[in-house]
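# Chains, contacts and geometry: an overview
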Amino acid sequence: MEIRKGLEVFGIVQGVGFRPYVYRLATELRLTGNITNTAAGVAIEIQGSPEAVQGFLARLPAEAPPLARITSVAIRELPAGQDHDVGFQILASRAGEERQVLISPDVAVCADCLRELFDPADRRYHYPFINCTNCGPRYTIVRDIPYDRARTSMAAFRMCPPCQREYDDPLNRRFHAQPNACWDCGPRVELWDNGGKLVAASDPIAEAAAQLRAGRIVAVKGLGGFHLAADATNPSAVGSLRERKRRVEKPFAIMAPNLEAIEGFCEVDEAARRLLLSSQRPIVLLPRKPGVPIAEAVAPYNQYLGAFLPYTPLHHLLFACHPTGFQALVMTSGNISEEPIAIGNEEAVRRLGALADFLLVHNRDILLRSDDSVLRVVGGRARQWRRSRGYVPVPVFLREPVPPVLAVGGELKNTLCLTRGRHAFLSQHIGDLENLESYRFFEEAAGHLQRILEVEPGMVAYDLHPDYFSTRWALARTDLERVGVQHHHAHIASCMAENHLEGRVVGFALDGTGYGTDGHIWGGEVLVADYREFIRAAHLAYVPMPGGAAAIHEPWRMAVAYLAQHFGRNFLGFQIPFVRQLDPRRVETLLRMLERKVNSPLTSGCGRLFDAVAALAGVRQQVNYEAQAAIELEMLLDDADRGAPYPLAVAEDGDALLLDTRPLFEALVRDLCHAVPASAISRRFHQGLVEALARVAGLVRQRTGLNRVCLSGGTFQNVYLLEHLEERLRSEDFEVFTHAEVPPGDGGLSLGQALVAAHRIG
Ligand code: ZN
Ligand code: ZN
Ligand code: FE
């Protein structure tokens, strides 16, 4: 007896080879029926023996093509057709129904294409733009929707007959592969000098590789923008890249030819291995092994390396073109300092000409810039640090549908978020909104997101900081309802959203800087919050930041501020290295500033507390990139230390709790007097913070009965703090929720803003 079932499959199931896949599966199981693209995904009807139908249902999600992402399947019974179907058929898409479909992100070249790339008998042998429905560029070449060739930057290339035949054949791996191309009909690579002049070379990729080996810097056009490449084992090449890019000490990522090479440089566990090999090919932060031949200047003062594998055919060719190849290449965003990554060929000559000796360009336009994503495995889970290429525009799936909101994020590590039903679409990493190029990128990304998602937002959500570019941009949108969202409330809402939480939670929002509702700079916050509103249940006691922003760049200022707050001028007599090394004139200026309360905004920022401790421990007095002092303090932590954790006092402050740091600094100064090493200080500080926060969680639970805790904010990129606090809270029977899909830092802010705004109005 035959049975028949109807399936609606939702998620990313179009333009990823899903219909041919279902065709093959159904045919193999001798099922009859059909498949068609619909507005929200695909509709399938299958008919056959109950066993075969059961087998189909089990295998459908399990064996789906690599790019497909099934979010749900609705199944219904149908009466078995008596007049037998003619086998299994792929039916034409119903016109005008491509609306709610999800666009696939860009994907690393697949194993099948790689085999062809290096097969001398294949017609695409060494063709740098080989791709198929299972791989290749997507999001970065899309101008508009629906996603078909005419609306991508491949529109400029007309397929040759063999390519066209592949494209039209439902059983071919290149059926409807929009960027399909070959040597005869597709894009080409050229090598240019840094003035934009063509360098004559029979094989431009081999020539670029030769230049890299000679210690030159080459700008390489990738999927989402240009990289600046240099031989990672050549100290002078890496050194001059740093100099030209004006990037001091902030680590560079390295690309290695294969997994074995990365395993030679770094500790790679099973979860990290999977992540490195995933089709997203992100940069993965890995503990570096000692004595590896990577130049010190790649990641100075850092025990980690950001490593990734080649993801375009061009990358593979670059590594393959020499008998020995490279051990690793620095592959850093093609930009100066914190500007957006360059994407156009002419733009690259203009902006990168002074940084690179050569440019390896091609004529397939990148329509949307997108940096590499950065992830780290913590507690066995892959965590987003920077969510961009490979992940965008896959939405964050929400628990409930929300009205359409555009959220504009914060100031640093900016991302946007646009909601549509149960989907929250985060933009790629836009970066720090501190220069004209970034402003343009921000506007470009906002427009593009609305266009390809076809969403007309009714409101715009923004941070309360009046000076943020994103805030001013949102406030100027008088056509939309404007909703201001407190920074740390947005962090907690972001964590709630990705964990599908409803109702009230206890939220730990720890970071460096966020504008508070009292006008002070918050960042050590414990909120009792739902999506709509929050109460500030506890926070770190305020301390002045002498010099304002200057105190962020110079952690020694925070150390002085904390010492002066707790000990007055007496601290100048402390017999500790930090005090001995202070410049008396500069300290005097600082103390006067503090005493007169000039240019010394108040902060409860956790990042500033880390800065102060790092400075006192002698780790770092000045930083060259955001959170550098905190990162280095964490890295030198000695887990074997058994000294007492530094205590924080919890005091009542009206309805709220105040975390007083005085006992912490007393214990710290005592240790410094006894020459306790920084590695032990680091552990005692971290552990003290864990215990204080756990105590606060307990007190808030007593008062509110709330048992769910969300951990959010940039400070939770601190792995020791994240792991130990989570474990501690769990051991006290809290339910703990953390970030994985979106960054805990300000890159995840827009998601939270969108959810808060949606609930305030909705
Ligand atoms: Zn492929
Ligand atoms: Zn062709
Ligand atoms: Fe933040």
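For the structure itself, look to the data block above.
This write-up is about the structure you can find in this document. (Residues numbered from 1 in each chain as written. Chains lettered and ligands numbered in written order. Predicted model: local features only at pLDDT ≥ 70, side-chain atom pairs only at ≥ 80, totals over all residues. Heavy atoms only, no water.)

### Considerations on the pairing of strand 8 (residues 226-231)
Burial analysis of strand 8 places six of its six residues in the buried class, which makes it a mostly covered element. Every second residue of strand 8 is oriented toward a common face, with F226, L228 and A230 on one face and H227, A229 and D231 on the other, all of them buried. Relative to strand 8, strand 7 (residues 218-221) runs antiparallel, the two sharing four bridges. Residue pairing in the sheet places A219 in a bridge with L228 of strand 8. (Buried < 20%, exposed > 50% of the residue type's maximum accessible area, 1.4 Å probe, protein only. Helix = DSSP H or I, 4+ residues; strand = E, 2+ residues; numbered from the N terminus. Pairing = 2+ DSSP bridges.)

### Re the packing of helix 15 (residues 555-567) against helix 20 (residues 662-673)
Two quantities define a packed helix pair, namely the angle between the helix axes and the distance between the axes. The interhelical angle for the contact between helix 15 and helix 20, taken along N-to-C directions, is 105 degrees, at an axis separation of 10 Å. In terms of orientation, helix 15 and helix 20 fall into the roughly perpendicular class. Here Y562, L563, H566 and F567 of helix 15 lie close against helix 20, whose contacting residues are R662, F665, E666 and V669. Among the residues forming the contact of helix 15 with helix 20, the class breakdown is five nonpolar, one polar and two charged. (Axes fitted to C-alpha atoms, helices over the stretch in contact; angles between N-to-C directions. Parallel < 35°, antiparallel > 145°, perpendicular 65-115°, else oblique. Contact = heavy atoms within 4.5 Å. Nonpolar A, V, L, I, M, F, W, Y, C, P; charged D, E, K, R; others polar.)

### Comments concerning the nonpolar core
Counting residues in each nonpolar core, the largest one holds 119 residues, and the members touching the most others are L360, F571 and F578. With residues near it in sequence (within four places) discarded, F578 still touches W556, A559, V560, L563, A615, L616 and Q621. Counting residues in hydrophobic clusters, the runner-up holds 56 residues, among them V22, I35, Y462 and A474. (Core = buried A, V, L, I, M, F, W, Y, C linked by side-chain atoms within 4.5 Å.)

### Some points on the sheet that holds strand 19 (residues 459-463)
One open sheet accounts for five strands, arranged 16-18-17-19-20; its pairing is mixed. Every other strand in the sheet has two partners, leaving strand 16 (396-402) and strand 20 (481-485) as the edge strands with one partner each. Each strand of the sheet is rotated relative to its neighbour by a mean of 30 degrees, with strand direction disregarded. Pairing of strand 19 with strand 20 involves five bridges; the strand directions are parallel. If you follow A461 over to strand 20, its bridge partner there is V483. Sitting on the sheet, helix 11 (residues 436-453) is in contact with strand 17 (405-407) and strand 18 (417-426), with an inclination near 155 degrees to strand 18. Packing against the sheet, helix 23 (residues 749-761) makes contact with strand 16, strand 17, strand 18, strand 19 and strand 20, and its axis sits at approximately 125 degrees to strand 19.

### A word on the coordination of the iron ion (ligand 3)
With distances of 2.1 to 2.2 Å, the protein atoms coordinating the iron ion (ligand 3) are H487 (NE2), H491 (NE2), D511 (OD) and D746 (OD). Every donor counted, the four donor atoms about the iron ion (ligand 3) form angles of 88 to 170 degrees at the centre, which fits irregular coordination. Look at where the donors of the iron ion (ligand 3) fall in the sequence and you get H-x3-H-x19-D-x234-D. Separated by 235 residues along the polypeptide, D511 in strand 21 (residues 505-515) and D746 in the loop between strand 29 (735-737) and helix 23 bring together distant segments of the chain. Each member of the pair, D511 as well as D746, is classed as buried. (Donors = N, O, S within 2.8 Å, 3.2 Å for Na, K, Ca; no water. Tetrahedral: all angles 85-135°; square planar, octahedral: opposite > 155°, others 65-115°.)

### Section: the sheet that holds strand 10 (residues 283-287)
Pairing is mixed across the open sheet formed by 10 strands, whose spatial order is 6-13-7-8-12-9-11-10-14-15. Each edge of the sheet is formed by a strand with only one pairing partner; in this case those strands are strand 6 (189-193) and strand 15 (381-386). Across the sheet, the axes of successive neighbouring strands diverge by a mean angle of 35 degrees, strand direction being ignored. Pairing of strand 14 (residues 374-378) with strand 15 involves five bridges; the strand directions are antiparallel. Paired with V377 across the strands is A382, a residue of strand 15. Contacting strand 8 and strand 12 (329-333), helix 6 (residues 235-245) crosses the sheet at an angle of about 145 degrees to strand 8. Sheet strands in contact with helix 10 (residues 345-352) are strand 6, strand 7, strand 8 and strand 13 (358-362), and its direction is about 165 degrees off that of strand 13.

### Quick notes on the coordination of the zinc ion (ligand 2)
As a benchmark, a tetrahedral metal site with four donors has ideal angles of 109.5 degrees, while an octahedral site with six donors has ideal angles of 90 or 180 degrees. With distances of 2.2 to 2.3 Å, the protein atoms coordinating the zinc ion (ligand 2) are C160 (SG), C163 (SG), C182 (SG) and C185 (SG). Around the zinc ion (ligand 2), the four donor atoms are arranged such that angles at the metal cover 103 to 116 degrees; this shape is classified as tetrahedral. One chain supplies every donor for the zinc ion (ligand 2), spaced along it as C-x2-C-x18-C-x2-C. For C182, a relative accessible area of 1% translates into the label buried.

### Section: the pairing of strand 11 (residues 304-308)
If a strand is regular, its side chains alternate between the two faces of the sheet. Across the five residues of strand 11, four count as buried, placing the element largely inside the fold. Where strand 9 (residues 253-255) meets strand 11, three bridges bridge the pair, whose relative direction is parallel. Within the sheet, the bridge partner assigned to M255 lies in strand 11 and is F308. As defined by bridge partners, strand 10 adjoins strand 11 across four bridges and the pair is classed as antiparallel. Paired with V284 across the two strands is A307, which belongs to strand 11.

### Some remarks on unusual backbone geometry
Cis geometry marks the peptide bond from V392 to P393, where omega comes out at 10 degrees. Looking at the secondary structure, you find P393 in the loop between strand 15 and strand 16. Positive phi is not limited to glycine here, since K597 has a value of about 55 degrees. Following the sequence through the fold, K597 ends up in the loop between helix 17 (584-595) and strand 25 (602-603). For K597, a relative accessible area of 70% puts it in the exposed group.

Nothing here speaks to function; it is all geometry.
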